[in-house]
Structure formats: structure tokens, C-alpha cells
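Chain by chain, the residues:
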Amino acid sequence: VYVLKSTRNGKRYVGYSSKTAEIRMKEHNQGSNRWTSQNGPFKVIRKENYENKTEAIKRETFLKSGAGRAFLDNIER
């Protein structure tokens, strides 16, 4: 699970992948999807490793929720 932050507008992107956060950031910075191509470039602000895909998806879902966004707001201070 990784969290990217736009250096352009401060928006965050939360995702999960079997690739490293740095590789995914590079892909996003190259415009791998529409949202990231419009909001990049990005820097990695958090990365977490999980044993399986199910745990990673649960954590990604949490970080995209209101409580998860508040958690990320607090750790960025």
C-alpha cells in the first residue's frame, strides 16, 4: 500500500500494488492513469507492506475513508 502526494497541488493518491512504491510513483509520474496524469508529479509519503492482497486492499480502503484521510492528515503534520 502506498500514498503519493502531488507536489503540484497537495492532493493525495492511495493505491496498492505488488510493485514497490517507488516504481508505482514513477509510473504515475509518467501518466499511467488519467487522474495521476492531471495531478502529478508525485512523491511517496507513506508505504506499508502486507503479507497478502486481501490485507492490502482492506488497508487501502481504510486510507480512502474519512477516518483514513484524517489519519493521513495527522501523520503529515
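Above this text sits the structure in question.
This report concerns the structure included in the present document. A quick note: this is a predicted structure, and the numbers were derived from the prediction, not measured.

With the rule as written, the count across this model stands at nine salt bridges. Among the ionic pairs, Glu 27 bridges to Lys 19, the shortest N-O distance being 2.7 Å. Linking Lys 47 and Glu 22 is a salt bridge whose minimum nitrogen-to-oxygen distance equals 2.5 Å. Taken as a pair, Lys 47 in strand 3 (residues 42-47) and Glu 22 in helix 1 (residues 21-29) lie far apart in primary sequence, 25 residues in all. The class of Lys 47 is exposed, set by a relative accessible area of 51%. If you follow the salt bridges from partner to partner, you end up with Lys 5, Arg 12, Asp 73 and Glu 76 in one network.

Before going further, it helps to examine the packing of helix 3 (residues 53-64) against helix 4 (residues 66-75). For the pair helix 3 and helix 4, interaxial distance at closest approach is 4 Å and the crossing angle is 80°. Judged by the angle between their axes, helix 3 and helix 4 are roughly perpendicular. Across the interface between the two elements, Arg 59, Phe 62, Leu 63 and Lys 64 of helix 3 pack against Gly 66, Ala 67, Gly 68, Arg 69, Phe 71 and Leu 72 of helix 4. In terms of residue class, the contact of helix 3 with helix 4 is made up of five nonpolar, two polar and three charged.

Reading the values: the criteria
Residues numbered from 1 in each chain as written. Predicted model: local features only at pLDDT ≥ 70, side-chain atom pairs only at ≥ 80, totals over all residues. Heavy atoms only, no water. Salt bridge = Lys/Arg side-chain N within 4 Å of Asp/Glu carboxyl O. Helix = DSSP H or I, 4+ residues; strand = E, 2+ residues; numbered from the N terminus. Buried < 20%, exposed > 50% of the residue type's maximum accessible area, 1.4 Å probe, protein only. Axes fitted to C-alpha atoms, helices over the stretch in contact; angles between N-to-C directions. Parallel < 35°, antiparallel > 145°, perpendicular 65-115°, else oblique. Contact = heavy atoms within 4.5 Å. Nonpolar A, V, L, I, M, F, W, Y, C, P; charged D, E, K, R; others polar.

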